[in-house]
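Single-letter residue listing:
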Amino acid sequence: MSAPVDDHPTVSHGPEPAPVRSGDDHAGNGAGQRDRDERRDRASQSFWTLVVGVPAVFSVLRLAVEAGGELQTTLLLVANVGPVNLIAGFLTTAAQLVTTVLVAIFALGAVFAVSADGPAPDAVAPPARRPIFARWADITPVWLVLASFLFAMVTWELLYLPLLLPAVAAAFQLTPERLHERLLPRLLLLFGLLAGYGWLVGPTVLDAWDQRDLVALSLLGASPLLACAVAGPLPRAVLRPLAPVAQAAVLVVLAWAAVPVITTPVLPLTVVTISGQSGSSEDVRGHVVAVDDVNMTILEARGGVRFVPVDRIEAQVLCPNEDELPRHRLRIHDFHVEDSLLEGLGRRVRPVHRIDAACRTPI
């Protein structure tokens, strides 16, 4: 008896695909997670290197510039200027520079992050590499972001404080829609905020208009309007060319603004009156480096180091630094627009004293 014949023979279309194993998916996900963790660690290292390394480098450069580029004088300053003096001098002179860079990084990084995380126009295209500012914004703790904005609020000049409004809106992605879900309460809240801002800077804006001060008008008037529209993702076509240009611009501004910080003296300026052998006296203008039982070490303003016996010192006067002439004749509620909140409060507590005649006389 013959075997039955199959009327529908099986047609082979090639080798069958290998069955998908769940272990392969877990392995791929594990490798991707490790790659993301490694990139996050590298971003964290680069960010903290910038935050800690830049002030240290600036402090060393300031001592070298203060010494006039001479090795022995630099070593003398390094031996006598403690780290507390360097930190205090750096915070008082470079606080605006450091906070400006941090605020720019956090604001741009938040915008770049939400833009890179948005849906890609082409689902088949691979995801673009996240900008470095976006990665820094991801690994930065919230307390550091808040501390940077608070420190900027008390150290920036009042003229530039309105720029913090769009910076805060960008860093925390604050939009008018987040104020209230309903339109009418949202408009009322916006009107109340703008009214309070107008009460604060309205008279100053009018004075700037009378004086034709376009810079003050732009900073004081356009900043709150920009804050209402700065948050939100950018199109991918705009993000790709904008991110590297903005990051390079921040670094260029950092290098350009670092020049006056490096050249600012780290020691107070004094005029020391020294008695001569013939009964005459001599005024020495410079920076006191160290004082011991025998000599006072003075880094003279005209160059060089002088060791003065302490028994020949008759008087010593602390002199203020030569301030730049003010560029704006504007005030915000009795605070000059070129003063910070700390400087304005300090002038109210202790007004500027009369400058001694020895400080006015060039030595």
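For the structure given in this document, a descriptive report is provided here. Just so it is clear, the structure is predicted and the values come from calculations on it, not from any experiment.

A few points about the pattern of salt bridges
Across all of its chains, the model carries two salt bridges by this definition. Between arginine 306 and glutamate 282 there is a salt bridge whose closest N-O contact spans 2.9 Å. Here arginine 306 is found in strand β4 (residues 305–309), whereas its partner glutamate 282 is found in strand β2 (residues 281–291), with 24 residues between them in sequence. A relative accessible area of 31% places glutamate 282 in the partly exposed class. Where arginine 302 meets glutamate 300, a salt bridge forms, and the shortest distance between an N and an O atom there is 3.2 Å. Since its relative accessible area comes to 61%, arginine 302 is described here as exposed.

Structural notes on the packing of aromatic side chains
A complete count under the given rule lists two aromatic pairs for this structure. Ring geometry for phenylalanine 133 against tryptophan 136: centres 5.7 Å apart, planes inclined by 25 degrees, an arrangement best described as stacked. With phenylalanine 133 and tryptophan 136 both in helix α4 (residues 132–139) and three residues apart, this pair spans about one turn of that helix. Of note, arginine 212 hangs over the ring of tryptophan 209, and the distance from its end group to the ring centre comes to 5.4 Å.

Some thoughts on the environment of serine 59
You can see serine 59 is positioned in helix α1 (residues 22–66). Sequence spacing of serine 59 and isoleucine 262 is 203 residues, and the spatial spacing of their C-alpha atoms is 7.6 Å.

Points about a nonpolar patch on the surface
Together, Val142, Leu146, Phe172 and Leu174 line one region of the surface with nonpolar side chains, adding up to about 330 Å² of accessible area. Inspection of the secondary structure puts valine 142 in helix α5 (residues 142–155). Residue class for valine 142 comes out exposed when judged on its relative accessible area of 56%.

Calculation notes
Residues numbered from 1 in each chain as written. Predicted model: local features only at pLDDT ≥ 70, side-chain atom pairs only at ≥ 80, totals over all residues. Heavy atoms only, no water. Salt bridge = Lys/Arg side-chain N within 4 Å of Asp/Glu carboxyl O. Helix = DSSP H or I, 4+ residues; strand = E, 2+ residues; numbered from the N terminus. Buried < 20%, exposed > 50% of the residue type's maximum accessible area, 1.4 Å probe, protein only. Phe/Tyr/Trp six-rings, centres within 6.5 Å; stacked < 30°, edge-to-face > 60°. Lys NZ or Arg CZ within 6 Å of the ring centre and 35° of its normal. Patch = residues over 30% accessible without salt bridge, like charges linked within 9 Å, V, L, I, M, F, W, Y side chains within 5 Å. Areas by Shrake-Rupley, 256 points an atom, 1.4 Å probe, with all protein chains shown as cover.

All we've got here are geometric facts, nothing functional implied.
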